[in-house]
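One letter stands for each residue in the lines below.
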Amino acid sequence: RKEVEQDPGPFNVPEGATVAFNCTYSNSASQSFFWYRQDCRKEPKLLMSVYSSGNEDGRFTAQLNRASQYISLLIRDSKLSDSATYLCVVIVYNFNKFYFGSGTKLNVKP
Amino acid sequence: DGGITQSPKYLFRKEGQNVTLSCEQNLNHDAMYWYRQDPGQGLRLIYYSQIVNDFQKGDIAEGYSVSREKKESFPLTVTSAQKNPTAFYLCASSTARAYGYTFGSGTRLTVV
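Fair warning: this is a prediction, and the values are worked out from it, not measured in the lab.

### Brief notes about the sheet that holds strand β3 (residues 19-25) of chain A
All names here are of chain A.
Right, so step 1: Within the open sheet, the 5 strands sit side by side as β1-β3-β8-β7-β6. Their pairing is antiparallel. Among the strands making up the open sheet, the edge pair consists of β1 (4-6) and β6 (55-57). Taking each pair of neighbouring strands and ignoring which way they run, the sheet shows an average axis angle of 20 degrees.
Right, so step 2: Here β6 runs beside strand β7 (residues 60-65); their pairing, made up of 3 bridges, is antiparallel. Of the residues in β7, the one forming a bridge with E56 is T61.

### A look at the state of the cysteines
Right, so step 1: Taken as a whole and judged by the stated rule, the model has 2 disulfides over all chains.
Right, so step 2: With its sulfur 1.9 Å from that of its partner, C23(A) forms a disulfide with C88(A). The disulfide joining C23(A) to C88(A) has a torsion of about 55 degrees about its S-S bond and is therefore right-handed. You can see C23(A) sitting in strand β3 and its partner C88(A) sitting in strand β9 (residues 84-92), a full 65 residues away along the chain. The two residues C23(A) and C88(A) agree in class, both being buried.
Right, so step 3: Two residues share a disulfide in this structure: C23(B) and C91(B), whose sulfurs sit 1.9 Å from each other. Because the torsion about its S-S bond is -75 degrees, the bridge between C23(B) and C91(B) counts as left-handed.

### Things to note about the packing of aromatic side chains
Given two aromatic rings, one states the distance between the centres and the angle between the planes to describe the pair.
Right, so step 1: Under the definition given, this model contains 11 aromatic pairs over all chains.
Right, so step 2: Between the aromatic rings of Y33(B) and Y48(B), the centroid separation amounts to 6.4 Å while the plane-to-plane angle is 20 degrees, which identifies the pairing as stacked. Taken together, the positions of Y33(B) in strand β4 (residues 31-37) and Y48(B) in strand β5 (residues 43-51) put the pair 15 residues apart, joining distant regions of the chain. Accessibility assignment for this pair places Y33(B) and Y48(B) in one class, buried.
Right, so step 3: Here a set of aromatic residues connected by ring pairs shows up, and it is made of Y36(A), F100(A), Y35(B) and F103(B).

### Topic: a nonpolar patch on the surface
Right, so step 1: A surface patch of nonpolar side chains, about 360 Å² in accessible area, is lined by Y10(B), F12(B) and V112(B).
Right, so step 2: A relative accessible area of 56% places F12(B) in the exposed class.

### Things to note about the pattern of salt bridges
Right, so step 1: Applying the stated rule across the entire model yields 7 salt bridges over all chains.
Right, so step 2: Across the salt bridge formed by K79(A) and D77(A), the nearest N and O atoms sit 2.9 Å from each other.
Right, so step 3: Exposure remark for D77(A): the relative accessible area of 36% places this residue in the partly exposed category.
Right, so step 4: In this structure, a network of salt bridges that share partners links the residues R36(B), D38(B) and R44(B).

The rules we used
Residues numbered from 1 in each chain as written. Chains lettered and ligands numbered in written order. Predicted model: local features only at pLDDT ≥ 70, side-chain atom pairs only at ≥ 80, totals over all residues. Heavy atoms only, no water. Pairing = 2+ DSSP bridges. Helix = DSSP H or I, 4+ residues; strand = E, 2+ residues; numbered from the N terminus. Axes fitted to C-alpha atoms, helices over the stretch in contact; angles between N-to-C directions. Disulfide = S-S within 2.5 Å. Buried < 20%, exposed > 50% of the residue type's maximum accessible area, 1.4 Å probe, protein only. Phe/Tyr/Trp six-rings, centres within 6.5 Å; stacked < 30°, edge-to-face > 60°. Patch = residues over 30% accessible without salt bridge, like charges linked within 9 Å, V, L, I, M, F, W, Y side chains within 5 Å. Areas by Shrake-Rupley, 256 points an atom, 1.4 Å probe, with all protein chains shown as cover. Salt bridge = Lys/Arg side-chain N within 4 Å of Asp/Glu carboxyl O.

This is the structure we're talking about:
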């Protein structure tokens, strides 16, 4: 079983739609969680951290569910510029392990 | 501005050649990492280093070698033993507590 699993998509949505991605992780000792965005043929860039209480940054909301071992990313009012691949990252400090999901591709269409 | 610089951006290698990819950071980060990404795939860890003069193999280290002689630098050599080296190579760094990675802009290696 992979340490981190994501639905690869693609998610094809119209502009203005709300879309949500989930990422499940298998190691219950996981301590830090992040969402990264990767544009085609570019490096991943940090989108936002994920806190236990949930956090919001504009149209983006990230949530963590430790009991069910998943994190989520919600994008409201999708823009064409949101089209990218979204990677989740899970860190287990005790073992200095960093686990990347394989990414979920989002296509926002006019 | 602090950041990570990878060079070259594009690299072409002939069969049987060794090539070295450069990665330099001025973020004063302790840890550095090399990842490989194939089209439509996730990131796979090649090597990582948490302190100078020390490094560990990742999940796909065969056919690669690294060194960490300076905190700022973590070059990756793709040897002729790597049978399928064509890929996008990403270098990253983080603080000791790894509060998020910073990535370089990547090197796209093609075997010709």
